[in-house]
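Per-entry structural report
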Amino acid sequence: MKYCFPEDFQWGVATAAYQIEGAWNADGKGESIWDRFSHIPGNIRGEGDGDDACEFYERYEEDIRLAKELGIPLFRLSINWPRIFPEGTGTVNRAGIEYYRKVLECLKKNGIKASVTLYHWDLPQKLQYQGGWMNRQSADWFEAFARTCFEAFGDLVDQWITLNEPQSTAMGGHASGGHAPGIRDYSSALQVVHNLLRAHGKAVKAYREMGLTAEIGIVLDMHMFYPVEEGNPADIRMARLFQQQTNQLYADPIFKKVYPQELFEYLSGRRVVLPEIQEGDMELIGQPIDFLGLNTYWSDYVRYDEERWPLQGKMVQQDGFVTDCGWEVVPEGMYDLLKWVHAEYHPKQIFITENGCACNDWIGADGKVEDPNRINYLKQYIGAAYRAMEEGVPLKGYYIWTFTDNFEWAWGKTCRFGLVFVDYKTQKRIPKSSAYWFSEVIKNNGFEV
Ligand code: GCO
């Protein structure tokens, strides 16, 4: 079977500032909530932090050259907010602007298009002291940051993304507390959802006012939730509520200007405090966008469990394969998700802005890094996406997470997602076999299985 992608299909790699840059306090950069969080012992597996990450800050020319050698046409990166505004708002740090201009110019020089995410989780710590995303004003802080970036980098950016995974910021950062800023309060997390979405709306509105022409959208992390027992009404209902909590809670306001009512009624019954919504908020959030980006990796299977809060359900691992960080490999979930998103929301265009897997990679005796499992994973997931596209889903591009191995948030450096291996002791880069495979996929605009 041969997968032949349309001529204008876009292939890329995705990265994030905190995960690759390092240089956490260089050249006037302020502290971010992830700097603070990773410096607290116990928060990061293997006691790592992102202080150096993979030194992209110093090595961006080398890495971009490597991307070019591999024929990668599109590079997704993010802007570290406190590099631009060390205090979060107010005075701009010129060195931060210059740095990102140099990176973007380097991409351009090498013929690589740039997709830029404004917020990939590095909120300035100074703003956290004012409540961070829990503060309604956060949407205004973000708008000011976004306007500065649009103005400073607009001529060099091919695609803009307002937020990466508001779900992770809200729930990981404020409900489970496994991510920065490490708060555990579900009701606050819901308020964060609302403020993040308002921030997104404000940035899109500002962007249109400024008359820039590249496309702008948002990246949501979504995946499918299936009931463990197909005929069990309690499992089915819980799977539906989890789907609302992870997917609809963000996509409904953006595409339909409403929050999922079934979920909100359920949560009220569980003593959760619903977010404060003011007049005009939903209109602001529902600004038209040019595309929807999806980060998707796995699927979940839900079993009703009375003891859990606020949703009475738990995830039950099935018998299938898992990646090195324990995520279930369910390519069919990619197909179902794309079909569902298309049917439910009709976004004009969809990009898979992240998909990939963690493998236990190592350097072989011959100096090479072979990662057949990653190639296998990608073949299956890209194949599933292809089928959805063939059936009418407007899928326009596919970014692999990620280019080089990097700092994987709470997993530290213990999880390798890269197409390129990084030896952290020497910072040496070695393209894995998946990098060469992906290079061929791009060249042939498809692959055979
Ligand atoms: C996320 C982020 C990435 C991750 C990737 C692998 O989805 O959490 O966008 O920064 O590193 O997804 O976990």
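Note: the structure precedes this text.
Report on the accompanying structure.

Rules and cut-offs
- Residues numbered from 1 in each chain as written.
- Predicted model: local features only at pLDDT ≥ 70, side-chain atom pairs only at ≥ 80, totals over all residues.
- Heavy atoms only, no water.
- Helix = DSSP H or I, 4+ residues; strand = E, 2+ residues; numbered from the N terminus.
- Contact = heavy atoms within 4.5 Å.
- Buried < 20%, exposed > 50% of the residue type's maximum accessible area, 1.4 Å probe, protein only.
- Arc of directions from axis to C-beta.
- Pairing = 2+ DSSP bridges.
- Axes fitted to C-alpha atoms, helices over the stretch in contact; angles between N-to-C directions.
- Core = buried A, V, L, I, M, F, W, Y, C linked by side-chain atoms within 4.5 Å.
- Salt bridge = Lys/Arg side-chain N within 4 Å of Asp/Glu carboxyl O.
- Near = heavy atom within 4 Å.
- Polar contact = N/O pair within 3.5 Å; in protein donor to acceptor, adjacent residues only side chain to side chain.
- Nonpolar A, V, L, I, M, F, W, Y, C, P; charged D, E, K, R; others polar.

1. Concerning the environment of L274
Among the secondary structure elements, L274 is positioned in the loop between α11 (261-268) and α12 (281-285). A C-alpha to C-alpha distance of 9.7 Å links L274 and Y186, two positions 88 residues apart in sequence. If sequence neighbours within four positions are ignored, L274 has contacts with L190, F264, L267 and S268.

2. Here we look at α11
Along an α-helix, residues three or four positions apart point the same way, because every turn accommodates 3.6 residues. Of the positions making up α11, those classed as buried are L263, F264, Y266 and L267. Across the axial projection of α11, the buried residues extend over an arc of 160°, all falling on one side. Next to the buried residues of α11 lie α9 (186-210) and α10 (233-256).

3. Focus: the sheet that holds strand β3 (residues 74-78)
If you walk around this closed barrel you meet the eight strands as β2-β3-β4-β5-β6-β8-β11-β12, and the pairing is parallel. Each neighbouring strand pair of the sheet contributes to a mean axis angle of 25°, computed without reference to strand direction. Taken together, the five bridges between β3 and strand β4 (residues 113-119) define a ladder with parallel strand orientation. Opposite L77, over in β4, you have V116 as the bridge partner. Contacts from α9 reach β5 (159-164) and β6 (215-221) within the one sheet, and its direction differs from that of β5 by about 160°.

4. A closer look at the packing of helix α14 (residues 372-390) against helix α15 (residues 433-444)
At a closest axis distance of 9 Å, the pairing of α14 and α15 adopts a crossing angle of 35°. On the side of α14, the interface is formed by R374, I375, L378, K379 and I382, while α15 contributes S433, S434 and W437.

5. A closer look at the nonpolar core
Core analysis: the biggest nonpolar cluster contains 157 residues, and W34, W81, F142, F153, W160, L338 and Y398 have the highest contact counts within it. With 11 residues, α9 is the largest single contributor of residues to this core. Beyond its immediate stretch of four places on either side in the chain, Y398 contacts F9, Q10, W11, G12, M334, I352, N355, Y381, I382 and A385.

6. So, unusual backbone geometry
Between A180 and P181 the backbone carries a cis peptide bond, its omega angle lying at 5°. Relative to the assigned elements, P181 resides in the loop between α8 (166-174) and α9. With an omega of -10°, the peptide bond between W309 and P310 qualifies as cis. Locating P310 in the fold gives a position in the loop between β9 (300-304) and β10 (313-315). Even without being glycine, W409 reaches a positive phi, approximately 50°. The topology assignment puts W409 in the loop between β12 (395-401) and β13 (420-423). Here Q427, not a glycine, exhibits a phi torsion of approximately 60°, which is positive.

7. Description of the pattern of salt bridges
Applying the stated criterion across every chain yields a total of 31 salt bridges. Between K29 and D35 there is a salt bridge, and its shortest N-O distance comes to 2.7 Å. In this structure, K29 and D35 share a single accessibility class: buried.

8. Describing the side chain of Q244
Relative to the helices and strands, Q244 is located in helix α10. Beyond its immediate chain neighbours, meaning those up to four positions away, Q244 contacts L249, P260, E262 and L263.

9. Concerning the site of the ligand
Taken together, 13 residues lie near the ligand, and Q19, E165, Y297, E354 and E408 sit nearest. Between an oxygen atom of the ligand and a side-chain N or O atom of Q19, the distance comes to 2.5 Å. The separation between an oxygen atom of the ligand and a polar side-chain atom of E408 is 2.5 Å. Of the residues assigned to the shell around the ligand, the class counts are six nonpolar, four polar and three charged.

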